[in-house]
Amino acid sequence: MSFGKAVKIGMLGMGTVGGGVAQIIERNGELLAGKTDINLTLQRVLVRDPSRRRAVDLPPQTYTTDPDVVIRDPAISVVVELMGGIEPARTLISAALKENKDVVTANKDLMAQHGRELLQLARRCGRNIYYEASAGGGIPLVRPLKHCLVANRIKCIIGIINGTTNYILTRMSCDDMDFQEALARAQKLGFAEADPSSDIEGRDAAYKLAILAGIAFNCPVDPGELSIEGIKNVTRADIHYARELGYTIKLLAIGEEKPGGLVLRVHPALVSLAHPLASVHDEFNALFIEGDLIGEAMFYGRGAGALPTASAVVADIIDAVRSYERADKGLYANNLGKTKLLPVSVLNSRFYVRFLAQDRPGVFGALATVFGDEGVSLDMIIQKRKKNGIAEIVLVTHDVSEERFNRSLEKALRLPSIQPDAGVFRVLA
Ligand code: NAP
Ligand code: HSE
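What you see is a predicted model; the values in this text were computed from it and never measured.

Things to note about the overall build of the chain
And then number 1: Secondary structure assignment for the chain yields 13 helices and 17 strands.
And then number 2: A globule of 429 residues ought to have a C-alpha radius of gyration of about 22 Å, and the chain, at 24 Å, matches this closely.
And then number 3: The principal-axis extent of the C-alpha atoms belonging to the chain is close to 80 × 45 × 35 Å.
And then number 4: Every one of the 429 residues in the chain was classed for burial, and the buried ones make up 55%.
And then number 5: Residue pairs in contact within the chain that sit at least 24 positions apart in sequence constitute 74% of those at least 6 positions apart.
And then number 6: About 18,400 Å² of surface is accessible on the chain, with carbon and sulfur atoms providing 49% of the total.
And then number 7: In the chain, 51 positive and 50 negative side-chain charges are present, and the distance between their average locations comes to 1 Å.

Examining the site of ligand 2
And then number 1: Taken together, Lys108, Asn162, Gly163, Thr164, Phe191, Ala192, Glu193, Asp199, Asp204, Lys208, Gly303 and Ala304 make up the full set of residues adjacent to ligand 2.
And then number 2: Between ligand 2 and Thr164 there is a distance of 2.6 Å, counted from an oxygen atom to a side-chain nitrogen or oxygen.
And then number 3: Within the contact set of ligand 2, an oxygen atom lies 2.8 Å away from a side-chain nitrogen or oxygen of Lys208.
And then number 4: For ligand 2, whose free accessible area comes to 260 Å², the fraction covered by protein is 94%.
And then number 5: Residue assignment for the shell around ligand 2 shows that the elements contributing at least two residues are helix H6 (163-174) and helix H9 (203-216).
And then number 6: When its residues are assigned to classes, the shell around ligand 2 shows three nonpolar, four polar and five charged.

What to know about the site of ligand 1
And then number 1: Around ligand 1, the surrounding shell holds 24 residues, and the nearest of these are Arg52, Arg54, Lys108, Glu193 and Gly305.
And then number 2: A distance of 3.1 Å is found between an oxygen atom of ligand 1 and a backbone nitrogen or oxygen belonging to Gly15.
And then number 3: Within the contact set of ligand 1, an oxygen atom lies 2.9 Å away from a backbone nitrogen or oxygen of Val17.
And then number 4: Summarising the interface, the protein chains cover 86% of the accessible area of ligand 1, which totals 910 Å² for the free molecule.
And then number 5: Within the shell around ligand 1, the residues separate by chemical class into ten nonpolar, eight polar and six charged.

Some details on the nonpolar core
And then number 1: Counting residues in hydrophobic clusters, the biggest one holds 74 residues, and the most contacted among them are Ile129, Ile157, Leu212 and Tyr352.
And then number 2: Ignoring any residue separated from it by four or fewer positions in sequence, one finds Ile157 in contact with Leu209, Leu212, Ala213, Ala216, Phe217, Ala253, Ile254, Gly255, Leu287, Phe288 and Ile289.
And then number 3: Grouped together as the second largest cluster of nonpolar side chains are 33 residues, Leu32, Val56, Leu82 and Val104 included.

Digging into the packing of aromatic side chains
And then number 1: Under the criterion given, the structure shown has six aromatic pairs.
And then number 2: A network of ring pairs unites the aromatic residues Phe351, Phe355, Phe371 and Phe405 as a single cluster.

Side note on the pattern of salt bridges
And then number 1: Tallied over the entire structure, the rule returns 28 salt bridges.
And then number 2: In this structure, Arg143 and Asp319 form a salt bridge, with 2.6 Å as the shortest nitrogen-oxygen distance. Here Asp319 lies in helix H11 (residues 306-322) and Arg143 lies in helix H5 (residues 142-148), a separation of 176 residues in the sequence.
And then number 3: Since its relative accessible area comes to 19%, Arg143 is described here as buried.
And then number 4: Its relative accessible area of 7% is what places Asp319 among the buried residues.
And then number 5: For the salt bridge of Arg171 with Asp175, the shortest nitrogen-to-oxygen distance reads 2.6 Å.
And then number 6: You can call Asp175 partly exposed: its relative accessible area is 42%.
And then number 7: Three or more residues are tied together by salt bridges with common partners; here these are Lys108, Glu193, Asp204 and Lys208.

Concerning the environment of Ser377
And then number 1: Take Ser377: it is sitting in the loop between helix H12 (363-373) and strand E14 (378-385).
And then number 2: Ser377 sits 20 residues away from Thr397 along the chain, and the two C-alpha atoms are 5.8 Å apart.
And then number 3: Residues in contact with Ser377, not counting those within four places in the same chain, are Thr397 and His398.

Observations regarding the domain arrangement of the chain
And then number 1: Assigned domains of the chain: these are domain 1 (5-138 + 306-326), domain 2 (142-302) and domain 3 (348-427).
And then number 2: Using C-alpha coordinates to define each centre, domain 1 is positioned 51 Å away from domain 3.

Observations regarding the pairing of strand E1 (residues 5-12)
And then number 1: Where E1 lies against strand E2 (residues 38-46), eight bridges are found, and the strand directions are parallel. Looking across to E2, one finds that Val7 is bridged to Leu40.
And then number 2: With helix H1 (residues 16-36) bridging E1 and its parallel neighbour E2, the resulting β-α-β unit is right-handed.

Thresholds applied
Residues numbered from 1 in each chain as written. Chains lettered and ligands numbered in written order. Predicted model: local features only at pLDDT ≥ 70, side-chain atom pairs only at ≥ 80, totals over all residues. Heavy atoms only, no water. Helix = DSSP H or I, 4+ residues; strand = E, 2+ residues; numbered from the N terminus. Rg over C-alpha atoms; globule rule 2.2 N^0.38 Å. Buried < 20%, exposed > 50% of the residue type's maximum accessible area, 1.4 Å probe, protein only. Contact = heavy atoms within 4.5 Å. Areas by Shrake-Rupley, 256 points an atom, 1.4 Å probe, with all protein chains shown as cover. Lys, Arg positive; Asp, Glu negative; His and termini not counted. Charge placed at Lys NZ, Arg CZ, Asp CG, Glu CD. Near = heavy atom within 4 Å. Polar contact = N/O pair within 3.5 Å; in protein donor to acceptor, adjacent residues only side chain to side chain. Nonpolar A, V, L, I, M, F, W, Y, C, P; charged D, E, K, R; others polar. Core = buried A, V, L, I, M, F, W, Y, C linked by side-chain atoms within 4.5 Å. Phe/Tyr/Trp six-rings, centres within 6.5 Å; stacked < 30°, edge-to-face > 60°. Salt bridge = Lys/Arg side-chain N within 4 Å of Asp/Glu carboxyl O. Domains from an automatic or database assignment. Pairing = 2+ DSSP bridges. Right-handed = clockwise from strand over helix to strand, strands pointing away.

This is how it looks when you write it as structure tokens:
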């Protein structure tokens with residue numbers, strides 16, 4: 001049985017997320033039609049290899065390798081871009097808008113780097129671009145920030161917004177799993193990007209932060225200006241020491257208002273086990289928001305994977321069909337260019353440092369003196385003997401300026417008894 005207004009969709013790409021969209025239409029199409037009076041059909045789908053087995057068996061003539069067949073089909077009113085990457089996605093989205101189609105995308109790389117230009121083009125064409133799935137997978141973040149929290153002055157957003165790295169850190173922490181094995185599992189489960197270095201090196205989280213901060217702080221954000229550090233340097237030893245000290249290690253994306261501007265950064269950090277973000281595990285994501293009216297709020301859910309992400313994509317398709325957000329001004333509102341991005345060096349933070357040192361008298365004292373001479377106060381200390389006359393010394397500082405901390409770290413690493421490669425992470429306040 002089918003009912004509701006028939007709406008034909010064109011899809012560019014049918015991999016993990018596109019396969020999820022096809023499954024939702026197959027599995028929940030009637031439910032959706034009952035709720036929305038809209039009956040979705042996948043009319044044409046662009047892929048590279050039409051002979052590949054897909055999550056859902058669509059009629060073979062649905063697939064094409066010619067983008068024009070999707071974009072220029074007059075029966076299609078919404079084009080869903082799920083190919084990923086910048087080109088040809090950018091050109092095809094522009095062409096779809098010019099063909100008078102609304103566009104839905106999950107592409108954070110594209111929306112973070114070219115979202116402004118594409119949203120302006122959409123406005124000129126009288127169409128819209130919907131991109132809820134581009135940040136936070138299945139969790140509603142774009143809509144709440146744009147609509148529900150619009151009356152708030154947002155003071156900070158702190159997110160775990162990359163499912164792959166959160167999955168890896170969780171498995172390393174809970175199962176003592178090796179980094180490479182955890183990554184391979186995240187890839188198999190469909191969480192990782194086609195090029196997983198974007199996840200591991202923090203770029204994926206930075207793109208999402210650029211999108212969310214653009215909305216939350218109402219300013220254009222160039223992801224190229226963000227301070228980005230991935231999880232490559234997080235070892236199992238750091239995870240164990242962090243736990244001993246009452247913390248877990250998470251890859252955080254943080255945007256906060258400071259006097260004179262905004263600081264936007266992605267880096268691993270120690271998070272107190274008492275903080276709500278500490279209990280966000282596996283591919284789950286969460287965004288912690290502090291607004292002047294709402295106070296603290298947290299959004300939590302699955303940030304990656306076929307069905308959770310496709311759930312947000314399908315909701316965007318329905319929104320597009322309903323023209324719900326016709327008056328939406330998109331990512332960027334009126335006060336373009338008024339917010340200055342400040343470097344991370346303006347911040348005061350607590351730091352965790354793990355040194356490898358010669359296990360002999362005076363070494364610990366020499367370290368403490370270096371930090372003390374720079375006025376860096378130490379909060380917690382662990383020293384453990386390892387094999388072959390080497391000891392591991394772990395310090396956590398009190399709040400200190402980045403500049404002062406870096407100066408003392410440099411001096412400490414020059415001490416003859418200290419090995420030159422320390423593990424260094426910030427501690428979330
Ligand atoms: P994917 O599994 O790699 O799928 C990409 C699809 O696009 C494939 O069907 C591929 O065709 C097609 N494609 C790529 N380049 C093409 C080209 N030049 N011409 C024709 N077809 C092309 O990617 P995905 O994981 O679904 O991700 C899609 C988008 O969603 C990305 O922007 C990603 O960042 C975003 N996203 C993903 C997730 C997730 O959990 N995976 C979550 C949120 C957002 P073939 O199948 O024939 O190779
Ligand atoms: N690779 C991304 C992640 C997919 O792991 O979070 C969801 O955007």
